[in-house]
Amino acid sequence: MTNEFRDLERPQAMRKKDVVLMATVTSFESLPHPSRSELRQFAELFAPLFSASTEQARRDAVAALSQCETIPPAVAFFIASQPISISAPFLIGSNCLSDDALIAIARTQGEAHARAIVRREALSPTVIDALVGLRHDRTMRREEVIEIEEAVEEAFPLAPTQAMIDEAERLAREDMLRSRIKSLAGHIDRPADDRLGLRNLSPIQEALLVRFARNRETGLFATTLADTLSASHWLSERILLDISGQQLATTLKGLAMHPDDAVFVLERLYDHLRAETKGVSRAEILFAQLDEDECGKRVEAWRRADSYTYAQPQHQPAAEAAQNGQPASPRVIRTTASARRPVQGIYRVR
């Protein structure tokens, strides 16, 4: 009987902690301009209550706090570091996260958190540069791990026995035979999803391209595309300036962008590709007609020609340009024949 009473008391206790958490959040929300002491008191109370509550209560609390204009920085960083199922509304909608906090979250919490940050309504050039460079940082970290492992192996060598040598030789022969079989099979029928050795969009780069296309921020779109191609800014601009959309469609197909995202980008940047025939847009028809292998070869040919012309990169990240005294706003690229009008001093393509 004692165990049964304990099982009944546990849900009730959890419900009480959920109520206390939501009451604390509601009370803090009602403060129009919280004082320093109120902010400090909320920061001290929130983490213990949050940790003791159920997952649903945590989600409700985070959703409510994502609408607050003032939150202690420690609490904001604590919420943003939670699993993405809980922190997503806060990462997307809260105005209480500084650029440094957003960059730290994207670098330490993983790809899901970075994709949520990309969905924010406004991103500074510093945060955009950091998101674009995440792929390079991760490559460097993998190289550092390999160096550490090699150093450990050199410091603590393992003397192999004859049995280990025989086993290693057997495995090597099996791997060689397996590799030959795979290579022969690949000549016959290569899988459609086999992109080994080919250039691919990272999830963050794809999300950034979709975001900039949605807002018609063609300058930022061109910068991200140039970084994706590891090419000069002039190549990405030349691709965008083809108003037929053929070159951009070829590039997106060669980078294995998801068809739905690619069609969305083409329709946002080139108005004439929205026209439909029997319920199918011209962008869908254009993208479906392209062959992925041929597009990949053409993109690589463009990159080689670009590398011969521009040995050094011809663009600078927005943050680096600002340090050099240059304007941080990227110049707009006109991708359609439609008119453009000034918005707050910056020309935006309509």
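Residues numbered from 1 in each chain as written. Predicted model: local features only at pLDDT ≥ 70, side-chain atom pairs only at ≥ 80, totals over all residues. Heavy atoms only, no water.

A.B. asks: Go over the side chain of T224, please, and point to the residues and values.
C.D. replies: Structurally, the position occupied by T224 is in helix α12 (residues 218-229). The residues touching T224, leaving out its near neighbours within four places in the chain, are V132, Q205, L208, L209 and F212. (Helix = DSSP H or I, 4+ residues; strand = E, 2+ residues; numbered from the N terminus. Contact = heavy atoms within 4.5 Å.)

A.B. asks: Could you give an account of the pattern of salt bridges, naming the residues involved and the relevant values?
C.D. replies: Inspection of every chain in the model, using the stated rule, returns 4 salt bridges. D271 is paired through a salt bridge with R274; the nearest N and O atoms lie 3.7 Å apart. Taking relative accessible area as the criterion, R274 reaches 37% and is therefore assigned partly exposed. The shortest N-O distance in the salt bridge between R303 and E300 comes to 3.0 Å. With R303 and E300 both in helix α17 (residues 292-309), this residue pair falls 3 residues apart, about one helical turn. Judged by relative accessible area, R303 falls into the buried class, the value being 18%. Classification of E300 by relative accessible area gives partly exposed; the value is 26%. Members of the salt-bridge network, linked through shared partners, are R216, D271 and R274. (Salt bridge = Lys/Arg side-chain N within 4 Å of Asp/Glu carboxyl O. Buried < 20%, exposed > 50% of the residue type's maximum accessible area, 1.4 Å probe, protein only.)

A.B. asks: Go over the nonpolar core with me, naming the residues and quoting the values.
C.D. replies: In this structure, L65, L131, F221 and L248 are the most contacted members of the largest nonpolar core, which totals 74 residues. Looking at which element gives the most residues to this core, the answer is helix α11 (residues 203-214), with 7 residues. Setting aside residues up to four positions removed in sequence, L131 forms contacts with A106, A114, I117, V118, L123, I204 and L208. (Core = buried A, V, L, I, M, F, W, Y, C linked by side-chain atoms within 4.5 Å.)

A.B. asks: Residue-level account of the environment of V75, with values.
C.D. replies: Mapping V75 onto the fold places it in helix α4 (residues 73-80). The class of V75 is buried, set by a relative accessible area of 4%. Discounting chain neighbours no more than four positions away, the residues touching V75 are F42, A43 and F46.

A.B. asks: Outline the confidence of the model for the protein, supporting the account with residue identities and numerical values.
C.D. replies: Of the residues in the protein, 71% have a pLDDT of 70 or more, and the chain-wide mean is 77. Note on residues 313-319: pLDDT is under 50 here. Beyond four places in sequence and across chains, it has 17 contacts. Confidence drops under a pLDDT of 50 for residues 337-350, and excluding neighbours within four residues, the segment shows 32 contacts in the predicted structure. (pLDDT = per-residue confidence, 0-100.)

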